[in-house]
Amino acid sequence: MITQFIGDVLSYEFLRNAMIAAILVSTLTGVFSSVVVLRKIEFIGDGAAHATFGGIAFGLLLGANYIVMAALTAVVFAVAVSYFTRRNRLSESSVIGMLLPLSMSLGVIALSFVRGYTPDVMGLFFGNILLVTAADVWLLAGANLGAIIFFSLFFREILYYAYDEKMARHYGVPVAFVHYGTLIGISLSVVSSVKIAGIILVTAFLIIPAVSARLLARSLRSMISISVVLGVTASVLGMFFSYVLNMPPGPVIVVLLFVQFLAILSVKKLLGSKEND
Amino acid sequence: MERDRVLQVEDLTYKIGSAWILRGVSFSLSRGEFAGIIGPNGAGKTTLIKAIVGDLSDYSGSIKVTGRVGYLPQNPERSRDFPISVREVVAMGLYKENGPFKRFSKSEWNTVDTLLKTTGIEGLGRRRAGTLSGGEYQRLMLARALASNPELLILDEPEAGVDEMGKSSFYRLLEKLKNEKNMGILMVSHDIGMVFEACDTIMCINKTLHCHTSADMISPEQLKSAFSTDLDLFIRSRDHFEREHSV
Ligand SMILES: Nc1ncnc2c1ncn2[C@@H]1O[C@H](COP(=O)(O)OP(=O)(O)OP(=O)(O)O)[C@@H](O)[C@H]1O
Ligand SMILES: [Mg+2]
């Protein structure tokens, strides 16, 4: 079964693309998810994903490249969230909670103007790996590279920003830059993950691995590594199970991510919480 | 004296809407001086501190700071299971000098370890910061504030959560830093007994500066005018004053 799966992955291009894309999605979201969870902006992924929907709809309406449009709206979304929270002292969750349905609504309105188009709503919402092209894989690879550069150049800054933004600013950490950088990075990773994970499921990629990793990690570095490993494992296994059992991969991966979480939680409970080591 | 001045506040005034938070506050602080700020809740103490450390922008009046500032905020951020080590938190205090695009060098990590020793929490360096006890955490915050080797140390209720024994060793440490490093220290505290014992000068603040005198010169009337809105605190401090000075 496994050899058959490996053989198929090697011989069918769409399957190979899907596999690579799934791995790249989980590394990308795994890296950002730690910051998402530590900064308690879990909602941002949801928001960006739904903003993406608005962007895709407008792309279809205007006949523009929809990935470009989606990326554009996601970035606008991230900047708008930062703007409203920083200038007006509103909480991130409130702002995201307002902008999310707004971009969804604008998207649906835009779609209603697109004549003769019946969108693949299921694919958009839950991901459809059959849609993954080589171009998507390259996009994901680029996004991964960008994330790696961002995190290695600004690791300390990201750590201090996530830990205590106010004091970080006091000590001269460029928190505004890190904040915008992180939000834009998250938005772009959501956009590039939408085909695999779908608008609704991408949130799981941005939250669950880091929540599990936080249970084990002693440092931000290890938290990021653990979430990447967990994400990649769940993706590879998820692709395998979905292939042999003929199920949609996105949801299978999400279920596996949650199973990982439960497993880590129970093992930790069993071993007794060694909090003060 | 003039030359040693690390902080000069002149006619500092701050309003939120139509409410005065601070009004015409003027004072100065020199190196080697340990000043205690007392005043009831809501008196504007933290606001004054924020103005001095640069976290407040729209005030009127002038604030002149000479040299580096170490700052221990009131109720610092504290998340139990945030994956950051005690050493990394202290190193945060070195960030400004170190600058972006770099890593902390070996000698900077040595500085961090020395600071942990100074503040009496050596051996906790590799622990997750969130697992420290309340008092240990305040010491960690002090270590971070000291990291840049400041000429002016500003502390907003540093004794919060520190036990009685811990408190007196905390204040002894501050006095030592004052003497050895010739630091100017400005400390907000509700622990009036300790303030009288440890500080050279005392400032009573309640929107305005009600008194600013050396610790053994202060009168109960001055305390009363500052604390008129907080009788309980006033009575406690008066009792202490009478005990100490047998009025
Ligand atoms: N953003 C704000 N909006 C309205 N009022 C504020 C704001 N920030 C502070 N205040 C008010 O300013 C006053 C001074 O606050 P501050 O925090 O400086 O008091 P404090 O002397 O430090 O008190 P405590 O001893 O409780 O720490 C308080 O009455 C407070 O309610
Ligand atoms: Mg205060």
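Structure shown above.
## Structural notes on the layout of surface pockets
Then step 1. Space inside the largest pocket adds up to approximately 1,200 Å³.
Then step 2. The wall of the largest pocket is formed by 33 residues, among which Arg86(A), Arg89(A), Glu165(A), Lys166(A) and Arg169(A) lie closest to the centre.
Then step 3. If you list the elements that add at least two residues to the lining of the largest pocket, you get α4 (66-88), α5 (92-113), α8 (155-163), α9 (165-170) and α10 (175-216) of chain A together with β1 (5-16) and α1 (45-53) of chain B.
Then step 4. Of the residues belonging to the lining of the largest pocket, the class tally is 10 nonpolar, 9 polar and 14 charged.
Then step 5. Volume-wise, the second largest pocket comes out at about 520 Å³.
Then step 6. Surrounding the second largest pocket, 20 residues form its lining, Phe155(A), Arg156(A), Arg221(A), Glu88(B) and Trp109(B) being those nearest its centre.
Then step 7. Of all elements in the fold, only α7 (134-153) and α8 of chain A together with α2 (86-91) of chain B reach the threshold of two or more residues within the lining of the second largest pocket.
Then step 8. No other element matches the 5 residues that α8(A) contributes to the lining of the second largest pocket.
Then step 9. Of the residues that constitute the lining of the second largest pocket, the class distribution is 7 nonpolar, 4 polar and 9 charged.

## So, the coordination of the magnesium ion (ligand 2)
Residue and element names in this part refer to chain B.
Then step 1. Every protein donor of the magnesium ion (ligand 2) is listed here as Thr46 (OG1) and Gln74 (OE1), and their distances to the metal cover 1.9 to 2.1 Å. With a gap of 28 residues between them, Thr46 in helix α1 and Gln74 in the loop between β5 (69-72) and α2 connect regions that are remote in the sequence.
Then step 2. Note on Gln74: relative accessible area 28%, which makes it partly exposed.

## A look at unusual backbone geometry
All names here are of chain B.
Then step 1. A positive phi angle, close to 55 degrees, is found at Asn149, a residue other than glycine.
Then step 2. Among the secondary structure elements, Asn149 is positioned in the loop between α5 (134-146) and β6 (152-156).
Then step 3. Here Asn149 falls in the partly exposed class, since its relative accessible area comes to 41%.

## Details of the nonpolar core
Inside soluble globular proteins, nonpolar side chains tend to come together where they are buried.
Then step 1. By size, the foremost hydrophobic cluster in this structure holds 164 residues, and its most contacted members are Leu140(B), Leu174(B) and Leu186(B).
Then step 2. Leave out the neighbours within four places in its chain, and Leu174(B) touches Phe34(B), Leu142(B), Leu153(B), Leu155(B), Ile185(B) and Met187(B).

## Considering the packing of helix α2 (residues 13-38) of chain A against helix α11 (residues 220-244) of chain A
Then step 1. The N-to-C vectors of α2(A) and α11(A) enclose an angle of 150 degrees; their axes lie 8 Å apart at closest approach. Between α2(A) and α11(A) the crossing geometry is right-handed.

## So, the sheet that holds strand β4 (residues 60-65) of chain B
Note: strands within a sheet are paired through backbone hydrogen bonds, in either parallel or antiparallel orientation.
All names here are of chain B.
Then step 1. Judged by pairing direction, the sheet is antiparallel, and its 3 strands sit side by side in the order β2-β1-β4 without closing on themselves. Of all the strands in the sheet, the pair left with one neighbour each is β2 (19-30) and β4. With strand direction ignored, the average angle separating the axes of adjacent strands in the sheet is 15 degrees.
Then step 2. Contacts between α1 and the sheet are confined to β1, β2 and β4, with β2 contributing the most and set at about 60 degrees to the helix.

## Section: the environment of Thr47(B)
All names here are of chain B.
Then step 1. In this fold, Thr47 is placed in helix α1.
Then step 2. With a relative accessible area of 18%, Thr47 lands in the buried category.
Then step 3. In this structure the C-alpha to C-alpha distance between Thr47 and Ser133, which are 86 residues apart in sequence, comes to 27 Å.

## Here's the deal with the pattern of salt bridges
Pairing is possible between side chains of opposite charge, provided their charged atoms come close.
Then step 1. Applying the stated rule across the entire model yields 9 salt bridges over all chains.
Then step 2. Here Asp81(B) ties to Arg214(A) by a salt bridge, and the two come within 2.8 Å at their closest N and O atoms. With one member in each of two chains, Asp81(B) in the loop between β5 and α2 and Arg214(A) in helix α10 form a pair that bridges those chains.
Then step 3. Two residues, Asp200(B) and Lys178(B), come together in a salt bridge whose shortest N-O distance is 3.2 Å. You can see Asp200(B) sitting in the loop between α7 (192-198) and β8 (201-206) and its partner Lys178(B) sitting in helix α6 (residues 164-181), a full 22 residues away along the chain.
Then step 4. Connected through salt bridges with shared partners, the residues Arg39(A), Glu92(A), Glu165(A) and Arg169(A) form a single ionic network.

## As for the site of ligand 1
All names here are of chain B.
Then step 1. Neighbouring ligand 1 are 13 residues; Gly42, Lys45, Thr46, Thr47 and His190 lie closest to it.
Then step 2. Gln74 places a side-chain nitrogen or oxygen 2.9 Å from an oxygen atom of ligand 1.
Then step 3. A distance of 3.4 Å is found between an oxygen atom of ligand 1 and a side-chain nitrogen or oxygen belonging to Glu157.
Then step 4. In the complex, the protein chains occlude 58% of the 640 Å² of accessible area that ligand 1 would expose alone.
Then step 5. Per-element accounting of the shell around ligand 1 gives the leading share, 3 residues, to α1.
Then step 6. Looking at the shell around ligand 1 residue by residue, the classes come out as 4 nonpolar, 7 polar and 2 charged.

Cut-off values and rules
- Residues numbered from 1 in each chain as written.
- Chains lettered and ligands numbered in written order.
- Predicted model: local features only at pLDDT ≥ 70, side-chain atom pairs only at ≥ 80, totals over all residues.
- Heavy atoms only, no water.
- 1 Å grid on protein atoms, 1.4 Å probe; cavity = no way out; pocket = protein on both sides within 12 Å on 5 of 7 lines; lining within 4 Å.
- Points joined across faces, edges and corners; volume = space filled by probe spheres on them.
- Helix = DSSP H or I, 4+ residues; strand = E, 2+ residues; numbered from the N terminus.
- Nonpolar A, V, L, I, M, F, W, Y, C, P; charged D, E, K, R; others polar.
- Donors = N, O, S within 2.8 Å, 3.2 Å for Na, K, Ca; no water.
- Buried < 20%, exposed > 50% of the residue type's maximum accessible area, 1.4 Å probe, protein only.
- Core = buried A, V, L, I, M, F, W, Y, C linked by side-chain atoms within 4.5 Å.
- Contact = heavy atoms within 4.5 Å.
- Axes fitted to C-alpha atoms, helices over the stretch in contact; angles between N-to-C directions.
- Left-handed = near helix turned anticlockwise from the far one by under 90°.
- Pairing = 2+ DSSP bridges.
- Salt bridge = Lys/Arg side-chain N within 4 Å of Asp/Glu carboxyl O.
- Near = heavy atom within 4 Å.
- Polar contact = N/O pair within 3.5 Å; in protein donor to acceptor, adjacent residues only side chain to side chain.
- Areas by Shrake-Rupley, 256 points an atom, 1.4 Å probe, with all protein chains shown as cover.

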